[in-house]
Amino acid sequence: MTVPDVVQVDEATRLTTQPLAPQLRSGVLGPLRFGWRRLTSMRTALLLLFLLALASVPGGFLPQRRINPLRVQSYLEKHTTVGPLLDRLQMFDVFSSAWFSAIYLLLFISLVGCLLPRTRLHLRALRAAPPAVPKVLTRLPASDTWEGDADVLARAEKALRGWRVVRRGDELSAERGYLRETGNLVFHLSLVLLLVGIAVGAFRGFKGTVLVVEGTGFSNTVASYDDINPGRRFHPSSLVPFTLQLQDFRATYAPDGKALTFDAQVTWGRTQATTPYDVRVNHPLAVGGAKTYLIGHGYAPFVRVRDRTGAVVLDQPVACLPQTPQFLSTCVIKVPDAAPQQLGFRGAFTPTTITQDGRVGSSFPGLVRPVLTLVGWAGDLGLDGGVPQSVYSLDTTALKPFDKGQAHALSEGQTWQLPGGGSLTYVGTREWATFQVTQDPGKRLALVAAVGIVGGLMLSLFVRRRRVWVRVRPGAPSTVEVGGLSRTDPERFQAEFAELVRRLRE
Amino acid sequence: MPDKGLGQLGDGLLFTAVVVYALAMLGFAGEQASRKARQSVTAVRDSTQVLVGSGGPSVTLPAETVTSLNPSRAGRFALALTGLGWLVHLSSITARGFAAHRVPWGNMYEFSSCVAFVAVTAFLVLVARGYVERSLGAFVMLPVVLYLGLAATKLYTAAGPLVPALNSYWIKIHVAAAVTASGAFQLSGVVALLYLLRSRYDELTAAERPTRFPVSLGAQLPAAPVLDRVSYVVIAFAFPVWTFAIIAGAIWAEAAWGRYWGWDPKETWSFITWVLYAGYLHARATAGWKGRKAAWVAVAAACALIVDYYVVNIFVVGLHSYA
């Protein structure tokens, strides 16, 4: 904590509630008490603080599983000897690792052990009168004596307005700046509160992501999400009921392809999606404790497929996954209802298409010259095997390609007549957006704690605590003794003290 | 659309500011050199007088050699140059803001310029408030000039619009706080290093052992307690600002990414920096850690801050990669 150790003059001049250094005592409880006081000592806290910083360093350099599991995977593939070793040491899960947890838990135990007695002492000090005048005032960092009489005490009471002053006979004690220690305690207590807020969020929170094509929507239930990340003590019943429909997604780009704005125009409601709202980056939709964020976007070409019988077997937008900043996207189309054979297609969607050496590419992320380039297959898609398949990958083991696997490029409105009958039409282009919905019930507590942290910190760093004593020694003539001390910013206190002495000698 | 002419004006002004700062640095160095020369001249004169006293022939030193270089005039001139450079620097930042129609701290180049600006401001405030002598300027302006030079050559970005993720009023609050704290922290890091030099110099001279470069620079530095106090005052100012910057960043992250803290590399290094400065404040108040050990903590914390800003942005993949 920010109050320094003090060389003790006597109890009155010990301007701190910091506990004294622990001493080993005998008996059964002796070693235990010694251990506890050792743990709650400043030196231990300092050591744990540095350990905490050191332990965070690998988390700042190595990829972390909770943030980016794919990069951890590729790191492990690249570093076959060091990788597994680091993994055994939990280096890819630093912030949930046993050793990181041990450090911060010890630190917080040490903190609480230090805070409780200090809070008790401070509460006592807040109610107590400033301590009696020390025997020898001249030994204090600031002191002065002159010939004068008891009138000085009345003048001192006037000059020390805003101080806590107590007069005992011919002596006067004054103290100021109690808010320093109050701020110090509030700061450290708020740190504990913050930890509680984080824990509540980690245990009871929920995070789900879902991909939505224009014209479709989702409702806030566990089943609607493509990917969920619930806390350990999360209850599905705590999800705020609402539904959301994506009406229109718009992105604008600078001429060089840099994104300027993303805007998802949605409608939402508790039961029916009727209220319009713009979900943008930095502008989420809040419904109760649930917040909906726009986290990604892409293109979904609208495709109509007819089989050999002429029946329409697929008539919907197909979401393609962007692979480059210019939105060259990969697409997979599966048509399990086609007869007599199932159909499958794989290829690329390019919003602003360029062709180079027979390969298609995209030169701009906006929709300028969209082309859907596909290779087609017929046969068995392998969907009945009972093994779950991703909608974004095509298993071609039981499929035969059309045209020896040659790709067909389609512009909007164009139709590919499949060999042997049937067709695929690229009807038009829609866009999709991915939304993330989060509920964090610990958030508000964390925010309150954050306010306490900043407020407490400012008080504890900028308020100066200081004491002043005045004594009139009777005699002929009588003498006035003034002394004072401050542990914080002694230079400024000297000036303040000099000014006080000037006013008392007037 | 960004205004090209204004953007170029801003770049030109920054270049001018660097040149003026460099001249100021030379001025401060000149003040120190001439003061040292004057001291040795005085020393020679004193020893001559001893010789005179012992009955040798009387020698009078020509007055010109003593007064040809006026240290206090050089120092005052250097301080005025620093003030002028500060004004030019301020207009450079303003021109950038108007050129891009936004806050002038939207990318690494602009951020670096602002950090250096805060460091110079903090130095000028410290001199004006009497916390420290202006002669420290030589040691403060050197890193400022190097820092700005590196920023202008390695990180240069023409004035342009922000990426959507940065397009929020939080950029005014979060980044302004981060810039202010970083500028002050970097200044305190330099002062802590100087404190380490000075206290090592004091230790060696007390033991009557010779000092070599860079410890010999200690002779020209303010007293060790002064440097220790300045570094503390600056950190005590910057630490709550840094805390606020992290919290504002967390609130912004909650609005932009859906969580207030996620151990993104930038967040992790901000946390490490915060913990180290918290450690410094505690260390300075703990017996056995006061003085040099605490100063080393301040230096380590300033290094963590550099990692947080430059190493993370350039070498580590994370959510803050754009800035």
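Provided above is the structure to which this section pertains.
This write-up is about the structure you can find in this document. What you are looking at is a predicted structure, and each value in this text was computed from that prediction instead of being measured. (Residues numbered from 1 in each chain as written. Chains lettered and ligands numbered in written order. Predicted model: local features only at pLDDT ≥ 70, side-chain atom pairs only at ≥ 80, totals over all residues. Heavy atoms only, no water.)

Right, let's talk about the interface of chain A and chain B for a bit. At the junction of the two partners, chain A supplies 52 residues and chain B supplies 50 residues. Across the chain A/chain B interface, buried area totals approximately 4,200 Å², and carbon plus sulfur atoms make up 69% of it. Contact with chain B buries surface across chain A, with Leu46, Phe50 and Asn282 of chain A losing the most and accounting together for 14% of the total. Across the chain A-chain B interface, the total number found is 2 salt bridges. When the shortest N-O distance is used, the salt bridge between glutamate 254 of chain B and lysine 291 of chain A registers 2.9 Å. Here chain A is connected to chain B by 6 residue pairs in polar contact (both at pLDDT 80 or more). Counting only elements with at least two residues in the side of chain A that touches chain B, the list comes to α2 (42–61), α7 (179–204), β8 (259–269), β11 (290–306), β22 (423–439) and α8 (443–462) of chain A. Ranked by the residues each element gives to the side of chain A that touches chain B, the list is headed by α2 of chain A, at 12 residues. A breakdown of the residues in the side of chain A that touches chain B according to their chemical character gives 32 nonpolar, 11 polar and 9 charged. (Contact = heavy atoms within 4.5 Å. Buried area = accessible area lost by both parts, 1.4 Å probe. Salt bridge = Lys/Arg side-chain N within 4 Å of Asp/Glu carboxyl O. Polar contact = N/O pair within 3.5 Å; in protein donor to acceptor, adjacent residues only side chain to side chain. Helix = DSSP H or I, 4+ residues; strand = E, 2+ residues; numbered from the N terminus. Nonpolar A, V, L, I, M, F, W, Y, C, P; charged D, E, K, R; others polar.)

All right, on to the pattern of salt bridges then. Residues and elements named next belong to chain A. Using the criterion set out here, one finds 26 salt bridges over all chains in the structure. Taking the shortest distance from any N to any O, the salt bridge between arginine 464 and glutamate 496 comes out at 3.7 Å. On the criterion of sequence distance, the pair formed by arginine 464 in the loop between α8 and β23 (466–473) and glutamate 496 in helix α9 (residues 490–505) is long-range, its members being 32 residues apart. Salt bridges sharing common partners tie together Glu171, Arg471, Arg473 and Glu481.

The next thing to look at is the sheet that holds strand β1 (residues 142–147) of chain A. All names here are of chain A. Strand order in this open sheet of 5 strands is β1-β24-β23-β3-β2, and the pairing throughout is antiparallel. The open sheet has two edge strands with one neighbour each: β1 and β2 (164–168). Within this sheet the neighbouring strands show an average axis-to-axis angle of 10 degrees, counted without direction. As paired strands, β1 and strand β24 (residues 479–486) are joined by 6 bridges and run antiparallel to one another. Residue pairing for β24: glutamate 147 is matched across the bridge by threonine 479. The sheet strands contacting α9 are β1, β23 and β24, and the helix crosses β1 at an angle near 15 degrees. (Pairing = 2+ DSSP bridges. Axes fitted to C-alpha atoms, helices over the stretch in contact; angles between N-to-C directions.)

Residues and elements named next belong to chain A. Cis geometry is adopted by the peptide bond preceding proline 340, which originates at alanine 339 and carries an omega value of 5 degrees. As for its position among the elements, proline 340 is in the loop between β14 (329–335) and β15 (342–350). The linkage connecting alanine 476 with the following residue, proline 477, adopts the cis geometry, with an omega of -5 degrees. Tracing the backbone shows proline 477 in the loop between β23 and β24. Of note, the phi angle at asparagine 282 is positive, near 70 degrees, even though the residue is not glycine. Looking at the element boundaries, asparagine 282 is found in the loop between β9 (275–280) and β10 (285–287).

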